[in-house]
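So you can see what is in the structure, the chains are spelled out below.
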There are 2 protein chains.
Amino acid sequence: MTSPLEDDVDRTLVAQLAADGRATLSTLAAAAGLSVSATQARVRRLEQRGVIRGYAADVDPEALGLPLAAFVAITPLDPAQPDDAPARLAELDAVEACYSVAGEESYLLLVRVPSPRALDDLLTEIRQVANVRTRTTVVLQTFFERAARPERR
Amino acid sequence: MTSPLEDDVDRTLVAQLAADGRATLSTLAAAAGLSVSATQARVRRLEQRGVIRGYAADVDPEALGLPLAAFVAITPLDPAQPDDAPARLAELDAVEACYSVAGEESYLLLVRVPSPRALDDLLTEIRQVANVRTRTTVVLQTFFERAARPERR
DNA sequence: GTTGAAAGATTAGGTAA
DNA sequence: TTACCTAATCTTTCAAC
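Every value quoted in this text rests on a predicted model; they were computed, and no experiment measured them.

About the thresholds
- Residues numbered from 1 in each chain as written.
- Chains lettered and ligands numbered in written order.
- Predicted model: local features only at pLDDT ≥ 70, side-chain atom pairs only at ≥ 80, totals over all residues.
- Heavy atoms only, no water.
- Domains from an automatic or database assignment.
- Axes fitted to C-alpha atoms, helices over the stretch in contact; angles between N-to-C directions.
- Helix = DSSP H or I, 4+ residues; strand = E, 2+ residues; numbered from the N terminus.
- Parallel < 35°, antiparallel > 145°, perpendicular 65-115°, else oblique.
- Left-handed = near helix turned anticlockwise from the far one by under 90°.
- Contact = heavy atoms within 4.5 Å.
- UniProt positions renumbered as here; feature names shortened; annotations may be inferred.
- 1 Å grid on protein atoms, 1.4 Å probe; cavity = no way out; pocket = protein on both sides within 12 Å on 5 of 7 lines; lining within 4 Å.
- Points joined across faces, edges and corners; volume = space filled by probe spheres on them.
- Nonpolar A, V, L, I, M, F, W, Y, C, P; charged D, E, K, R; others polar.
- Near = heavy atom within 4 Å.
- Polar contact = N/O pair within 3.5 Å; in protein donor to acceptor, adjacent residues only side chain to side chain.

So, about the domain arrangement of chain A. Entries for chain A in the domain assignment read domain 1 (8-49) and domain 2 (61-138). On a C-alpha basis, the centres of domain 1 of chain A and domain 2 of chain A stand 37 Å from each other.

In structure tokens, the structure reads:
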């Protein structure tokens, strides 16, 4: 689905847009050493190849009324029944991410809620909706959350 | 530092920009029912209040050559010495997020690397740099990673 | 908050290497 | 194909109200 970056121009454009999603084509063109229209064509191709999946404002969760984050590891209670837990959990707005993981548990979720009470309610809902056992690790402080950067050489 | 959203116009603008970080002011103005300039002033204020922390392209980690993700729980080996682990770990490009957590371990990291071998090297580096013990949970599949959404009412 | 006009950015269509 | 040029259209900005 996604093809890798092809050259240094692509790398430059992706790095610039990862750092500033609203960078203009002329800014990008200057950084990449291309004309504006060549830059435009490059960016479009990056979008169409799925390298750039979209653009988003980075919003402070606290401003949204979601100051409490937690990791929830979940284990299906009935391994026999069809496992549609991720699809069901995607319906819950509080669930920000869902990973299948190696180890004792099957899935790991990152959730955000307004309060401890709301976390309790959410865990109850997760257990019911997905028929799972939960093990929750509360986030006390977020030191940083940023975009992954490819290793420099 | 960050003030909460003030009214429905703010909520609309933030929701639109979270969904499309490159939305134009005229698009936003139409969604919010304001003039373009009033919209611009609102967005500026949201940025200055820290509600909107920035804008970023959402880049596929695989295209960046980072197909392997893992959660790394870490425990300081020497509780006596000053704990500057988060600051040290921020230096490592492969470390995407760092949280202080409740529970047996002190911190939880999300890391991205090119290969199992690179994960091994990274864990060695994390142990040395931060003087910690690590417990790693490999991500097998990412079902979704998205922006947190405030609960609807 | 609104309007409006100037500066700047984006887009599409055409041309050349 | 890939990059570039140009002109029309949109967008952003900032003044005045």
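Structure's up, so let's keep going.
What follows covers the packing of helix H1 (residues 8-19) of chain B against helix H2 (residues 25-32) of chain B. Residues and elements named next belong to chain B. The N-to-C vectors of H1 and H2 enclose an angle of 135°; their axes lie 9 Å apart at closest approach. Taken as axis vectors, H1 and H2 run oblique relative to one another. Classified by chirality, the crossing of H2 by H1 is right-handed. Along its contact with H1, which presents Val-9, Thr-12, Leu-13, Gln-16 and Leu-17, the element H2 presents Leu-28, Ala-31 and Ala-32.

This chain's UniProt record puts "domain: HTH asnC-type" (unreviewed entry) on residues 7-67 of chain A. Helix and strand shares over residues 7-67 of chain A are 54% and 13% respectively, and the end C-alpha atoms of the span are 41 Å apart.

This part is about the layout of surface pockets. As a volume, the second largest pocket reaches approximately 530 Å³. For the second largest pocket, the lining is made up of 25 residues, of which A:Glu105, A:Arg135, B:Glu105, B:Arg135 and B:Thr137 are closest to its centre. When contributions to the lining of the second largest pocket are tallied by element, the ones reaching two or more residues are strand S2 (68-76), strand S4 (107-113) and strand S5 (132-145) of chain A together with strand S2 (68-76), strand S4 (107-113) and strand S5 (132-145) of chain B. Class assignment for the residues of the lining of the second largest pocket results in 13 nonpolar, 6 polar and 6 charged.

The next thing to look at is the protein's contact with DNA strand D. A:Ser35, A:Ser37, B:Leu25, B:Ser37 and B:Gln40 are the nearest of the 13 residues found near DNA strand D. At 2.8 Å from a phosphate oxygen of DNA strand D is found a side-chain nitrogen or oxygen belonging to A:Ser35. Here B:Arg44 contributes a side-chain N or O atom positioned 3.0 Å from a phosphate oxygen of DNA strand D. Every element with two or more residues in the surface near DNA strand D is listed here: helix H3 (36-48) of chain A together with H2 and helix H3 (36-48) of chain B. The leading source of residues in the surface near DNA strand D is H3(B), at 4 residues. Split into classes, the residues belonging to the surface near DNA strand D amount to 4 nonpolar, 6 polar and 3 charged.

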